[in-house]
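A closer look at the structure
Each chain is listed here by its residues.
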Amino acid sequence: MYKIEVRGGILTSARARVCVIGSNKGIGFAIVRGLCKSFNGDVYLTARNEGLGKKAVEDLKKEGLNPLFHQLDISDSTSIQNLKAFLQKQYGGLDVLVNNAAIYQDETPAPFAEKVEVTLKVNFWDTLAVCEALHPLLRPHSRVVNVSSLLSAMAFGRCSDAIKAKISNPNITMDQLKELMREFEAAAKSDTVEEKGWPKWAYHVSKIGVRVMSYIQGKAFAHDSSRPDIIVNSCCPGYVDTDMSNHKGTKTIDEGAVTPLYLALLPPNVESPKGEFVSEKVVEHWK
Ligand SMILES: NC(=O)c1ccc[n+]([C@@H]2O[C@H](COP(=O)([O-])OP(=O)(O)OC[C@H]3O[C@@H](n4cnc5c(N)ncnc54)[C@H](OP(=O)(O)O)[C@@H]3O)[C@@H](O)[C@H]2O)c1
């Protein structure tokens, strides 16, 4: 299964590999479990807390699986660069990236502007930073899954027509998306979110950001002839019994992992889904 080759003077293993983000618990943990069973290559469970990450790896080893561990705090640029350097040195690339880490703060007593700032920082800006760092490592036929939520659709439904038009514009650029997210943050700071046509939900809007980000990235890769068949999709795992849902979710973590795993393991050269938002393995559009 291992093939050793020399790239740029560095001895690397050409074995396929994967990196899962924010996966010491919840849906990410189940995604690692599923990838360990189905992915032909090395599976990295990452976590910001090394102790929690290594404990999660040990738990999976007790199930007879063999994930590896690497530290990753998506809010720490040094941590992202360390992971990037590690993947580059050990593997010379990356084949599957699952951006799963996120936070939900809407039900905390903090002021709304603060919730928007911290939630968009982790869920949108930090996820984007991971993509910007690791996408250059993606090899042809790579799969990227950004975990969003159907709550993005609920938030879209509450946006003004002008904002809806910007979000669903098929030609939206990453700069325009960043500007849109900054406008939402500014509206939260000036307490004018609803006046400016946004819903008063931090998490839901952050997941609009993740969904549109994935669309833009997917489209860019579709036009990248130097690295064919790299596919980026976003998805909703469903309502899952995790810490984030206060264990009110109706799905088990393994049921929640089904759609992310389907997207992470899309076979080579599929026609669809590409740059889509997928729920229950079905492509959903803004409506
Ligand atoms: N649960 C649901 O019903 C549901 C529904 C729709 C979408 N989702 C999405 O599914 C994904 C997984 O959610 P979940 O329910 O499994 O949540 P969870 O149980 O709260 O797990 C979230 C994971 O993200 C990690 N994380 C947070 N901030 C991080 C950072 N800065 N760097 C690295 N890791 C970080 C957490 O690490 P720590 O353990 O260190 O905190 C944890 O491992 C999220 O994107 C969520 O938005 C969930």
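Preceding block: the structure.
I will try to describe carefully the structure that is included in this document.

The rules behind each value
- Residues numbered from 1 in each chain as written.
- Predicted model: local features only at pLDDT ≥ 70, side-chain atom pairs only at ≥ 80, totals over all residues.
- Heavy atoms only, no water.
- Helix = DSSP H or I, 4+ residues; strand = E, 2+ residues; numbered from the N terminus.
- Rg over C-alpha atoms; globule rule 2.2 N^0.38 Å.
- Buried < 20%, exposed > 50% of the residue type's maximum accessible area, 1.4 Å probe, protein only.
- Areas by Shrake-Rupley, 256 points an atom, 1.4 Å probe, with all protein chains shown as cover.
- Pairing = 2+ DSSP bridges.
- Axes fitted to C-alpha atoms, helices over the stretch in contact; angles between N-to-C directions.
- Contact = heavy atoms within 4.5 Å.

1. Some remarks on the overall build of the protein chain
Secondary structure summary: the protein chain contains 10 helices and 10 strands in total. The globule rule puts the C-alpha radius of gyration for 287 residues at 19 Å, and the 18 Å found for the protein chain is close to it. Projecting the C-alpha coordinates of the protein chain onto the three principal axes gives extents of approximately 60 × 40 × 35 Å. Counting the 287 residues in the protein chain, one finds 52% classified as buried. Here the protein chain has roughly 13100 Å² of accessible surface; of this, 52% comes from carbon and sulfur atoms.

2. Here's the deal with the sheet that holds strand β7 (residues 138-147)
Read from one edge of the open sheet, 8 strands run β5-β4-β3-β6-β7-β8-β9-β10, paired in mixed fashion. On the outer flanks of this sheet lie β5 (68-71) and β10 (282-284), each paired with one strand and no other. Ignoring strand direction, the axes of neighbouring strands in this sheet form an average angle of 25°. On the sheet, helix α8 (residues 202-222) packs against β7, β8 (231-236), β9 (277-279) and β10 and is oriented at approximately 160° with respect to β8.

3. A closer look at the side chain of His135
Along the chain, His135 falls in the loop between α4 (112-134) and β7. Beyond its immediate stretch of four places on either side in the chain, His135 contacts Leu97, Val130, Val144, Gln217, Phe221 and Arg227.

4. Some words on the pairing of β8
When you tally the buried positions in β8, you get 6 out of 6 residues, the bulk of the element. Residue alternation in β8 divides its side chains into two sets, Ile231, Asn233 and Cys235 and Val232, Ser234 and Cys236, and both sets are buried. In this sheet, β8 lies alongside β7 in parallel orientation, the contact comprising 5 bridges. Paired with Asn146 across the strands is Ser234, a residue of β8.

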